[in-house]
Amino acid sequence: MAQIREILEDEENIYIVTNYYNGRDFSSLIKLAQGIKDENERSQFILDLFSQICEGLAYLSKQKEFQAPELQPQDIWFHLEDDKPIIKLTNYHLDKRNGKAELDIGKEKEQADEFSKQAFQLGNILHQLCGGNPVNPKENKDSVWNFPMDFKSLGLELVNTDPKKRPSLERIFLKIKNLRKSLEDQEEGNENKKKGKDSEKGFSKSYLLFLLPIMTFAYAGWRFYTGIINPEPKDA
């Protein structure tokens, strides 16, 4: 969660003072993700961001006095540390109580069956990180989602048209773990293929360098031999 430094208010407004986050907002996060050329690297980057978002919600869900907020894309900011985005959640609800502003992050701890709304929002967030458009819950159907192959299973489960079939946080983390392993295996496979191609190129080059002096020697011998058998006529 984003750390609050101070809450100020006047007659009309309430102001929240937080730490400075140099990475900006969710739209900037999407641009970072979509700017990565390598498909596997981009998928790992997106998965890391999504995992951080889920970890923030998991932290809130463990606080007995709070419920995890129904997260929206505009609630997601990030801070860059060594060029790595660190997610900051900024879902704040402010009420005036007893003449002063108090911070309230939820009312009661969410019931397990109510997490389905949150799961849908997580699916929507993942869809946008992958380059898709936001989807209105009223328009939810499989055909409106365009998750890339790496995220299709996780994404469609999050936005399942039957809320009861949407995953819990525990299942989401399990699928993230499995997907991370799959992406790492893909990366290792791609590196091995590249090494294999480089090795083939190196072998071909070495083989040609080995054959060149042999072919040169053979050609010189052939010229010498044909010169003896069929000498060139001398000028009269």
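What counts, and where the lines are drawn
- Residues numbered from 1 in each chain as written.
- Predicted model: local features only at pLDDT ≥ 70, side-chain atom pairs only at ≥ 80, totals over all residues.
- Heavy atoms only, no water.
- Pairing = 2+ DSSP bridges.
- Helix = DSSP H or I, 4+ residues; strand = E, 2+ residues; numbered from the N terminus.
- Expected span 1.5 Å × (residues − 1).
- Buried < 20%, exposed > 50% of the residue type's maximum accessible area, 1.4 Å probe, protein only.
- Core = buried A, V, L, I, M, F, W, Y, C linked by side-chain atoms within 4.5 Å.
- Contact = heavy atoms within 4.5 Å.

Caption draft 1: Geometry of the pairing of strand β3 (residues 76–81). As paired strands, β3 and strand β4 (residues 84–89) are joined by six bridges and run antiparallel to one another. Of the residues in β4, the one forming a bridge with F78 is I87. Counted along the chain from β3 to the antiparallel partner β4, the turn is two residues long, and its residue D82 has a positive phi close to 55 degrees.

Caption draft 2: Quick look at helix α3 (residues 115–129). End to end, α3 covers 21 Å across 15 residues, agreeing with the expected 21 Å (1.5 Å per residue, within 8%). The buried fraction of α3 is high, at 14 of 15 residues. Downstream of α3 by a residue or two, G131 has a phi angle that is positive, lying close to 100 degrees.

Caption draft 3: Spatial organisation of the nonpolar core. Counting residues in hydrophobic clusters, the biggest one holds 39 residues, and the most contacted among them are F50, I76, L122, L126 and I172. Listed by contribution, the elements that provide at least two residues to this core are α1 (26–34), α2 (39–61), β3, β4, α3, α4 (152–158) and α5 (169–229). At nine residues, α2 tops the list of elements feeding residues into this core. Other than its neighbours up to four places away in sequence, I76 contacts D25, F26, L29, I53, L71, I87, K88, L89, T90 and I125.

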